Amino acid sequence: SLSLPPCVEQVSLMSKLEATRVAVELLRDLKRSTWLPPPQPEKVQGVIEQMAALFAEAQQISALLEETGEPAGSSPWCAPRVCMMTVVRLRNCLLAYVRHRMERIEEIRWDVAGSMPSENLEMLSSHEEQYAKDYNQLLSTYFEKYDLDLTRDYNPPVHNKIRVNVLTEIGQFVGPESGRDYELKRGDSPFLRRGDVEHLIRQGVLQHHV
Amino acid sequence: RAQQIFAGMDEAGPSGVDDANELRVAFLNEKFAPELLPHCDELIQRIMELIEDQEGTIAELDSREELQRQLYEMELERIKYQLREYLRIRLKKITKTALYLKLSDEQQERLSQNEREFLEDYFSIYKNHVDKVWDGASEAAEPLPGQIKCIDEENLESSPLVVKPKLESHVFCQVVRDCEPFTLPDNDQVVELRQGDILLMQYEHIRGLVQDGSVRLT
């Protein structure tokens with residue numbers, strides 16, 4: 001019977017659950033947070049280093065098996081295969097993590113329809129801040145082509161004018177739909193055009209009085 | 001008096017009414033279809049012209065014609081809502097399935113010129129962002145082969161990030177005109193669609209019928 005070289009023994013003993021532990025933690029943290037957890041670059045680095053280590057191991061074992069003339073398809077060749085499959089699994093976890101964060105960034109741009117609140121900005125890495133800016137720029141360019149702000153009118157319009165309660169002091173602002181100047185103080189209950197105040201209702205500054 | 005008001009409002013003419021109906025059908029189809037449908041850019045352009053005309057009409061009304069103003073404005077709001085929602089839904093489908101669209105020329109045919117430019121730019125910021133993940137890890141990621149890391153066009157097909165539309169989802173549809181009977185692939189059942197029928201079916205079976213207008217989603 002074949003005596004397997006020690007590194008092959010090692011791989012077969014190493015628990016593959018351990019290999020993906022950090023990646024799974026990253027994904028689990030995503031699920032547990034309301035919007036996004038803070039960046040955790042050390043864990044991402046850890047996953048990538050693990051991928052590199054497994055890849056190196058796969059190459060090492062393959063070289064060894066080539067040297068000892070192992071026939072292709074025999075069981076020792078499973079060892080580099082398992083390493084590579086784990087590398088792919090780690091990559092998939094990492095890409096899922098990155099993509100999920102991207103999707104959340106895009107989502108909030110649509111919800112807030114303006115610059116991102118600082119409490120959300122804090123949760124982004126510097127690359128992600130850049131992505132948020134780029135996406136914002138992309139949307140603005142697209143909206144300009146139709147001269148339409150697509151972040152308005154999320155719901156079918158029922159009334160042209162609505163009564164709103166002013167929850168926080170806004171002061172002066174220009175209504176995006178009518179172009180008129182308004183001044184709103186806290187405690188007011190004015191009757192205003194829906195299109196002018198829709199974004200403020202979404203931000204929570206005004207409350208629609210039904 | 002009311003009759004006079006309504007009589008005066010028929011200025012949009014028959015084409016305006018048709019375009020508004022067409023927009024409604026296009027918007028509902030896009031909303032319920034699991035895939036991106038062919039674009040309606042000419043319709044959009046006509047709608048935007050009609051919107052401008054209507055805004056002009058409203059601006060010329062004087063303060064005595066308050067009822068007309070309300071009615072015109074309300075109609076305008078509804079049309080604008082449908083237009084925005086239509087464009088929004090398409091944009092969201094494009095961002096969600098961007099990688100899948102890049103792989104297929106046939107799918108890209110369905111995009112308007114503006115959407116095509118959007119897709120190109122979105123793909124490039126997407127790709128840049130993903131590339132930075134590997135660059136950010138300094139030299140650790142260098143030995144890994146390109147197929148693992150990249151999402152450029154050669155490696156795209158095997159990337160786990162590609163999202164395909166779920167064509168097997170069920171949709172409600174209303175039949176606009178009688179259709180040729182066809183058989184369902186799974187159980188050899190013959191389906192005959194008559195005008196006015198309302199059905200719940202898997203989208204993939206009526207894909208062609210939605211696109212040629214025989215059936216509309218609702």
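Quick caveat: nothing in here was measured; it's all calculated off a predicted structure.

**Q** So what exactly am I meant to see when it comes to the overall build of chain B here?
**A** The helix and strand inventory of chain B stands at 9 helices and 5 strands. Seen in sequence order, chain B has helices and strands lined up from the N terminus as α-α-α-α-α-α-α-α-β-β-β-β-α-β. Across the 218 residues of chain B, 46% fall into the buried class. In chain B, of all internal contacts separated by at least 6 residues, the share reaching a separation of at least 24 is 66%. Working note: accessible area of chain B is about 11800 Å², and carbon and sulfur atoms make up 47% of it.

**Q** Looking at this model, I keep getting lost on the side chain of Ser33(A). Mind explaining?
**A** Residue and element names in this part refer to chain A. Topologically, Ser33 is positioned in the loop between α3 (21-32) and α4 (41-67). A relative accessible area of 18% means that Ser33 is categorised as buried. A distance of 3.2 Å separates a polar atom in the side chain of Ser33 from the backbone oxygen of Leu30.

**Q** Just checking my understanding: could you explain a nonpolar patch on the surface for this structure?
**A** A grouping of Phe172(B), Ile198(B) and Leu200(B) is seen on the molecular surface, where their side chains present a nonpolar patch of about 320 Å² in accessible area. Looking at where Ile198(B) falls in the secondary structure, it is placed in strand β4 (residues 198-202).

**Q** So what exactly am I meant to see when it comes to the sheet that holds strand β5 (residues 215-217) of chain B here?
**A** Each strand in a sheet pairs with another by means of backbone hydrogen bonds, the pair being arranged parallel or else antiparallel. Residue and element names in this part refer to chain B. Pairing is antiparallel across the open sheet formed by 3 strands, whose spatial order is β4-β1-β5. The sheet is open, and its two edges are formed by β4 and β5, each paired on a single side. Sheet twist, expressed as the average angle between the axes of neighbouring strands with direction ignored, equals 40°. In this structure, strand β1 (residues 170-175) lies alongside β5, joined through 3 bridges in antiparallel fashion. Across the sheet, the residue bridging to Cys173 is Leu217, located in β5.

What counts and how
- Residues numbered from 1 in each chain as written.
- Chains lettered and ligands numbered in written order.
- Predicted model: local features only at pLDDT ≥ 70, side-chain atom pairs only at ≥ 80, totals over all residues.
- Heavy atoms only, no water.
- Helix = DSSP H or I, 4+ residues; strand = E, 2+ residues; numbered from the N terminus.
- Buried < 20%, exposed > 50% of the residue type's maximum accessible area, 1.4 Å probe, protein only.
- Contact = heavy atoms within 4.5 Å.
- Areas by Shrake-Rupley, 256 points an atom, 1.4 Å probe, with all protein chains shown as cover.
- Polar contact = N/O pair within 3.5 Å; in protein donor to acceptor, adjacent residues only side chain to side chain.
- Patch = residues over 30% accessible without salt bridge, like charges linked within 9 Å, V, L, I, M, F, W, Y side chains within 5 Å.
- Salt bridge = Lys/Arg side-chain N within 4 Å of Asp/Glu carboxyl O.
- Pairing = 2+ DSSP bridges.
- Axes fitted to C-alpha atoms, helices over the stretch in contact; angles between N-to-C directions.

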